[in-house]
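One-letter residues, chain by chain:
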Amino acid sequence: MPEQPSVILPPSSVLDAFGVRGTPEPLTGGQGRSVRVGGAVLKPAEGTEGESEWAASLLEGLPRGDGFRVPRPLRSAAGAGVVDGWTAAEFMEGRSGPGGRWPDVVAVGRAFHAAVRDRPRPDFLDRRTHPWAVADRVAWGEQEGDVVAELAEPFERLLSLRRPVEAVAQLVHGDLAGNVLFAPGRVPVVIDFSPYWRPPLYAEAVIIADGLLWYEPGPGHLVGGGGDPRWRQMLIRALIFRLVALSGLVDPSWRAGEKEAARFLAATEAVERGTYEGRARRL
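Rules used throughout
- Counting restarts for each chain, with residues numbered from 1 along the sequence as it is written.
- Per-residue local features are limited, in this predicted model, to residues with pLDDT of at least 70; the limit for side-chain atom pairs, both in listing and counting, is 80 or more; totals at the level of whole chains, interfaces and linings are taken over all residues.
- Just so you know, side-chain values use all the structure's heavy atoms and leave hydrogens and water out.
- A run of H or I in DSSP becomes a helix once it reaches four residues, and a run of E becomes a strand once it reaches two; helices and strands are each numbered from the N terminus.
- Throughout, radius of gyration means the C-alpha value; the globule benchmark is 2.2 Å times the number of residues raised to the power 0.38.
- The buried label applies to any residue whose accessible area, calculated with a 1.4 Å probe on protein chains only, is under 20% of its type's maximum; exposed applies above 50%, and partly exposed to all values in between.
- Note on areas: Shrake-Rupley with a 1.4 Å probe; residue coverage comes only from the protein chains shown.
- Only four residue types enter the tally: Lys and Arg on the positive side, Asp and Glu on the negative side; His and the chain ends are excluded.
- Lys charges are placed at NZ, Arg charges at CZ, Asp charges at CG and Glu charges at CD.
- Only strands that DSSP links by at least two bridges are regarded as paired with each other.
- Take the buried Ala, Val, Leu, Ile, Met, Phe, Trp, Tyr and Cys residues and link them wherever side-chain atoms come within 4.5 Å; each set so joined is a nonpolar core.
- In what follows, a contact means two residues having at least one pair of non-hydrogen atoms within 4.5 Å.
- Centres within 6.5 Å make a pair out of two Phe, Tyr or Trp rings, where for Trp the six-membered ring is used; the pair is then stacked when the planes are under 30 degrees apart, edge-to-face when over 60, and tilted otherwise.
- Definition used: whenever NZ (Lys) or CZ (Arg) falls within 6 Å of the ring centre and also within 35 degrees of the ring normal, the charge is taken to sit over that ring.
- For helices, the fitted line uses only the C-alpha atoms of the stretch in contact; every axis is such a line through C-alpha atoms, and the angle between N-to-C directions lies from 0 to 180 degrees.

> Can you break down the overall build of the protein chain residue by residue, with the values?
Looking only at helices and strands, one finds eight helices and 11 strands in the protein chain. Here the protein chain has a C-alpha radius of gyration of 19 Å; the compact-globule value for 283 residues is 19 Å, and the two agree. The dimensions of the protein chain, computed from C-alpha atoms along their principal axes, are 55 × 45 × 35 Å. A total of 283 residues make up the protein chain; the buried ones form 49% of that total. Roughly 13,600 Å² of accessible area belongs to the protein chain as shown, and the carbon and sulfur atoms make up 50% of that amount. A gap of 5 Å separates the mean positions of the 33 positive and 36 negative side-chain charges of the protein chain.

Okay, structure coming up:
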């Protein structure tokens, strides 16, 4: 994967606005942009200020304890969820998954998606142009996309496997694999909400695709999908999504192309045959 950017620390004016005290400590995981300050986690706002305010309002209204929890968004004294480009939320203890707990991550995702099933589609999804948004549209055949030369072969193979599929779309978290926190005796925590408008089965496939590509031990195909006949097509789209996004994130000095191409080729063969020979696992 491309190197993570250096962490930018929030200014004291932002800490004061959110009413938090302490020395900012960078947190690992995600995109490497979050910092802990006392009992709060701060990170740069995603997308526009309106998108971040929307996310804060949505998370504030979600139930707690029904198979998952979410960190409570913090607001300034004026009621703002974004201050000078920063958001804040309560810090919640836990070790980020999956840590081999693939069935648990999938179960948390299903609970989260059940809770947001009736939420309306936000308009800002149509305006997003970051690499993940573009990759999502390419995965679903809504636009064409280019990839770096090193990833061209797995990309073409995955496109050749893609077929039309029907499924009801809704609001989903499109990046759950490393964004569920587990703590002994506590309900798991969903963090870093990445909103997309896709079938929940596809969001589940992204979890498994991430596992096949970048985690040890990897999951089996049957961890997700629940026997749904559309599962293979969802996995194909999930792999296209990750491949195109990765291609859009790399810079000309990237030197990991062959290694990443091998990962995607192995995962593609896993989808084709139901085995993952790269890790000698029967799925």
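This is not the end of the story, as more comes after the structure.
> For the sheet that holds strand E2 (residues 35-37), give the residues involved together with the corresponding values.
In a beta sheet, neighbouring strands pair by backbone hydrogen bonds and run either parallel or antiparallel. The four strands are arranged E1-E2-E3-E4 in an open sheet whose pairing can be described as antiparallel. In the strand order of this sheet, the two ends are held by strand E1 (25-26) and strand E4 (86-90), each with one partner. In the sheet, strand E3 (residues 40-44) pairs with E4 via five bridges, with the strands oriented antiparallel. Note that in E4 the partner of Ala40 across the bridge is Glu90.

> Just give me the short version of the nonpolar core, but keep the residues and values in it.
Judged by nonpolar contacts, the single largest core of 58 residues is most densely connected at Leu62, Phe112, Leu151, Tyr202 and Ile240. It is helix H7 (residues 231-249) that contributes the most residues to this core, 12 residues altogether. Every residue in contact with Leu151, bar those within four places of it in the chain, is listed here: Leu243, Leu246, Ser247, Trp254, Gly257, Glu260, Ala261 and Phe264. Judged by nonpolar contacts, the second largest core, of 12 residues, contains Val14, Val20, Val37 and Leu42.

> Now, about unusual backbone geometry: what can you tell me, with residues and values included?
Following Gly97, the chain continues into Pro98 via a peptide bond in cis, with omega recorded as 5 degrees. Along the chain, Pro98 turns up in the loop between strand E5 (95-96) and helix H3 (102-115).

> Give a detailed account of the packing of aromatic side chains, specifying residues and quantitative values.
Aromatic ring pairs are defined here through the distance separating the ring centres and the angle between the ring planes. What the rule picks out here adds up to nine aromatic pairs. Seen from their ring centres, Trp140 and Tyr202 are 5.3 Å apart, and the 75 degrees between their planes marks the pair as edge-to-face. Here Trp140, found in the loop between helix H4 (131-139) and helix H5 (152-161), pairs with Tyr202, found in helix H6 (residues 200-214); they are 62 residues apart in sequence, far enough to count as distant. Considered together, Trp140 and Tyr202 belong to a single accessibility category, that of buried residues. One aromatic cluster is present, built from ring pairs that chain together Trp54, Phe68, Phe112, Phe124 and Phe193. The ring of Phe91 carries Arg36 above its face, with NZ or CZ at 3.6 Å from the centroid. Above the ring of Trp140, the side-chain terminus of Arg237 is found at 4.9 Å from the ring centroid.

> So what about the sheet that holds strand E7 (residues 180-182)? Which residues, and what values?
On the basis of which strands lie adjacent, the open sheet formed by three strands has the order E5-E7-E8 and antiparallel pairing. Looking along the sheet, the strands with just one partner apiece sit at the ends: E5 and strand E8 (189-190). Two strands pair when backbone bridges link them, and E7 and E8 are joined in this way by two bridges, in the antiparallel orientation. Considered in E8, the bridge of Leu181 is made with Val189. The strands that H3 touches are E7 and E8; relative to E7, the one it contacts most, it runs at about 120 degrees.

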